[in-house]
Structure formats: C-alpha cells, structure tokens
Amino acid sequence: MSERIQAPRGTQDVLPEQTAARAALEARAREVLESAGYQRIETPIFEHTELFQRGVGESTDIVQKEMYTFDDAGGRSLTLRPEGTAAVCRAYVEHGMHKLAQPVKLWYLGPFFRYERAQAGRYRQFWQIGAEALGSEDPAVDAEAILLLTTLLTDVGARGITVKVSSLGRLESRAEYRAALQEHLRRHADKLSEEVRNRIDLNPLRAFDSDHPGTREVMAGAPLLRDFLDAEDAQHFSEVLALLDAAGVAYEVEPTLVRGLDYYVRTVFEIHSSELGAQSALGGGGRYDRLIAEIGGPPTPGMGWAAGIERILLAGGAPPHAAPPVDLYVAGPVGPTQFRLVADARRAGLGAQLDLAGRSMKGVFKQAARLDARYVAWMNEDGSWELKDRQGGEQITAPDADAVVRDVLRGPGL
Ligand code: AMP
C-alpha cells in the first residue's frame, strides 16, 4: 500500500457537519455589516510580497517569520496573504475609490495564511472576517467598527466576551514614548528575555506581549503610552470612548494593548473570550491613517478589524442553523422514472433525494428516518406509485410520478 498523504500541519478540513455553522455565521455577518453600509470585497489570495513588507511592516513577526512567500514561474516574489487590510487598501488605491463618497466601507471573508506554531485556536490556514472603513478620521468610525464586531460576536452567541480598547496616539506622540520605553528597557536589560532585549531598537512595544517572567516584571513598571498622548490624540480617544458609552458597549481601557502590526495609530482594540485558552483573541483591529500613503496611495485615514472564524466557533459563536428539509425520499432501483421524479420535485421547489445504495424497503425507511424525510415514494410493478407520509402515517397510491409531486405539494405544512 502507498503511504497515506495527510493535510499539511496547521491546516484543517472543514467537514460537512461544520459547514452549516460557518454558513450561518457568514449570513449573520453579512446582515450586521451590510445593514451598516459595508459592502463585500474580495481580493486575491496572493499579492506582491512588497505589499505586506510595506503594509504590515518589516519589524513585525508576520513579515519577519510567518509569511508563505514564493517566486512564481515568472520570477516575481508573491506571498499568500497573512492579513486583509493591506490588500483592501491596495484595492482602494488601484480602483480610485477615493473618488467615491467617503468613508468607503468594505467587508471580506476568506482564508489567510501564517507560518505559526500550530496549536488549539492557532492554525497556518485560518479564516477571517474583516471590515475596513477608509477615508475618515472621525472617532465615530472607530466607535462604529468596535460596535459592529461586538454586535456580531454577541449576536452569534460567542461566550465570555471582553472588549479591550486603547490608543497608540499618532507617530509624534509615539516617537517620544518609544524613546522613554527604550530607556526603561535598557535600564533593566539584564532582566529581559533575549528576544525582547534584541528588539529594543526595532520594536520595543512588543515587550508588553511577552510572557517571560522577568520581562513582565520590568513591564509592570514601564511608562505608559497614554501619558504621552498629545491633546488631539487624547481628545480623539475620549470621543471614541464616549460614543461606545452612548451605544452601551461595555469595554475595558487596556493601556498596554499592543497589536502585532506596525501600521496602527490612535485607536486599537481587541475582543477576547474567556472560553478560549492562551489564544483568547477573537478579533481586533485599529486605525491605520498612514497605511494607504505607505503603499503609494493618496494620504487617506482608515479603520478596521478582523476576527477569526475558527476562534469565534470555538467560543460558542454559532448562530442557530437548520439543514434544508428533505420533503421526498425516492426508493430504487433507480430508473428513468425515479430519476425524473426527483428532478421534477426539485423543479417544483421540494427537497428530494434518491436512494442510491440499492437499499431494501426496510433500509429505505431507515435512511429516510435518518434524513427526517417527510415522504417516502416507491414504484409498484404496474408503474403506479406508493407515497407514505412519515409524519401523518397515511399511505396513498398515485397513478404516476407526476401525481406523486402533486400529492407531496398538497401535503400539510409544505
Ligand atoms: P490579528 O490581526 O493577527 O490580530 O488577527 C485577527 C484575528 O484573526 C485574531 O484575533 C484571531 O481570531 C484570528 N487569527 C489570527 N491568526 C490566527 C491563526 N494563526 N489561527 C487562527 N486564527 C487566527
């Protein structure tokens, strides 16, 4: 026997029993987002590597070690998308969307790829749903983005949710803060993990994410960004919070919230679930006012988020869903008459299935029970049909296949 081939590490098959929950989640997301004026966009699965190098940032874990990058046969460096925002911004620029009424509000759903250590809730291919509002600096855009993700997660039943919000300020505030933080880290360098110590110059903020005990101790006494926000940034943030209060969104201000991407300014947020273990973030996002200019577009502010489908489902977020009903189950052997009967039944809008396994009548009824089919039909030797109502118990004889469809359509509750 040949060796069995398995799916690559960190990928998952989505099996038929799981697809209904995903479809219901997608439907709910569409309702929540489209009723707020967000329109669906699809971008390619792969992009020029440079888009992510510039858009996500050279100093991030994603660009440094998590991208699936390859050269195509034409010698171009391409990358499987690790996140959605950079591509949506690219599309905004490429299609001249700055000429549309602003902000342009877009949402997406699809697979993303990161070479991460695979574990529960962390995969190398995972699905994200995301929303981006491009072209407005208004704090209401930030508050609405947070409100929409909170609404979606609550609506689909994700349990144990906490909304964490912070402001990173703009670059000016951040430069001053960065210097203060670097000084603090250098002063306590001997207590830091090697990784954090090596990144003091490149990305000191990520030290807040470390779970190394010595580093955590140092970070407990670190200066906080909120004390460095200038008046405009502080005002912007307090307006975001006031709007969340007005909409009744419960949140925690988390001054050490650091997102893993370089492009954020001002508002950042994450939504966590107590149902999940170490990987407790269901989704997160923030404002990225420099990103579009960074990838060669006109300076345009933006705000968005992404949430992981698998993690939402792990947190219990599966809206109620039902399999479509089977109205008619037709016994074999399958000849032209049986085949035409199910085709006609479906054309009439019924759910109809053929027995394709050559079952005995007993087996046909067993399978019909598994499918919870309403009616079972079989042909008599003289070409007439028997139609059994599995709920009412009634059995009638129909002169031909056409009459079977008519009788099912007449049936109670159909
Ligand atoms: P991020 O932009 O990295 O914060 O990702 C947003 C959301 O996508 C996270 O909160 C997760 O729910 C989900 N996500 C990110 N990376 C992964 C992964 N490797 N596996 C599963 N879900 C992920």
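It should be noted that the structure appears before, not after, this text.
Throughout what follows, the structure given in this document is the object of discussion. Per chain, the residues get numbers from 1 upward, laid out in the order the sequence is written. Since the coordinates come from a predicted model, pLDDT governs what is reported: local features require at least 70, and pairs of side-chain atoms require 80 or more to be given and counted, while whole-chain, interface and lining totals use all residues. Each side-chain value is worked out from all heavy atoms of the structure, with water and hydrogens disregarded.

**Some thoughts on the pairing of strand E10 (residues 281-287)**
Selection criterion: Buried, partly exposed and exposed residues are distinguished by accessible area as a fraction of the type maximum, computed with a 1.4 Å probe on protein chains only: under 20%, between the cut-offs, and over 50%, respectively. A run of H or I in DSSP counts as a helix once it spans at least four residues, and a run of E counts as a strand once it spans at least two, with each numbered from the N terminus. Paired strands, as defined in this entry, are two strands with at least two bridges between them according to DSSP.
Of all seven residues in E10, six are buried; the element is thus mostly enclosed. In this sheet, E10 lies alongside strand E9 (residues 265-273) in antiparallel orientation, the contact comprising six bridges. Of the residues in E10, the one forming a bridge with Val265 is Arg287. As paired strands, E10 and strand E11 (residues 302-308) are joined by five bridges and run antiparallel to one another. Within E11, the position partnered with Arg287 by the bridge is Met303.

**Concerning the site of the ligand**
We apply this condition: When at least one non-hydrogen atom of a residue lies within 4 Å of a molecule or strand, that residue is treated as near it. A 3.5 Å cut-off defines polar contacts: any pair of N or O atoms within that distance qualifies, except that in protein one atom must be a possible hydrogen donor and the other a possible acceptor, and neighbouring residues in sequence count only when both atoms are side-chain atoms. Only the protein chains shown count as cover for residues, with accessible areas throughout obtained via the Shrake-Rupley method and a probe of 1.4 Å. Throughout, the ten residues Ala, Val, Leu, Ile, Met, Phe, Trp, Tyr, Cys and Pro are labelled nonpolar, Asp, Glu, Lys and Arg are labelled charged, and all others, Gly among them, are labelled polar.
Among the 14 residues in the neighbourhood of the ligand, the closest are listed as Arg114, Glu116, Tyr123, Gln128 and Leu282. At a separation of 2.7 Å, an oxygen atom of the ligand approaches a polar side-chain atom of Arg114. For the ligand, the protein covers 92% of the area, taking 470 Å² as the surface of the free molecule. Only strand E6 (125-134), E10 and E11 provide two or more residues apiece to the shell around the ligand. For the shell around the ligand, the element with the most residues is E10, which contributes three residues. Residues belonging to the shell around the ligand are distributed by class as follows: five nonpolar, four polar and five charged.

**Examining the nonpolar core**
In plain terms, the rule: Buried Ala, Val, Leu, Ile, Met, Phe, Trp, Tyr and Cys residues form a nonpolar core when they are joined through side-chain atoms within 4.5 Å. In what follows, residue pairs with any heavy atoms lying within 4.5 Å of each other are defined as contacts.
Of all hydrophobic cores here, the largest spans 45 residues; its most connected members are Leu134, Leu181 and Leu185. Counting only elements with at least two residues in this core, the list comes to helix H2 (49-55), helix H3 (61-66), helix H4 (85-94), strand E5 (104-113), E6, helix H6 (171-187), helix H8 (213-220) and helix H10 (291-294). When residues in this core are grouped by element, the largest group, six residues, is from H4. Setting aside anything within four residues of it in sequence, one finds Leu181 in contact with Pro204, Leu205, Phe208, Met219, Ala222 and Pro223. Core analysis: the second largest hydrophobic core is formed by 38 residues, Ala143, Leu148, Leu282 and Trp305 among them.

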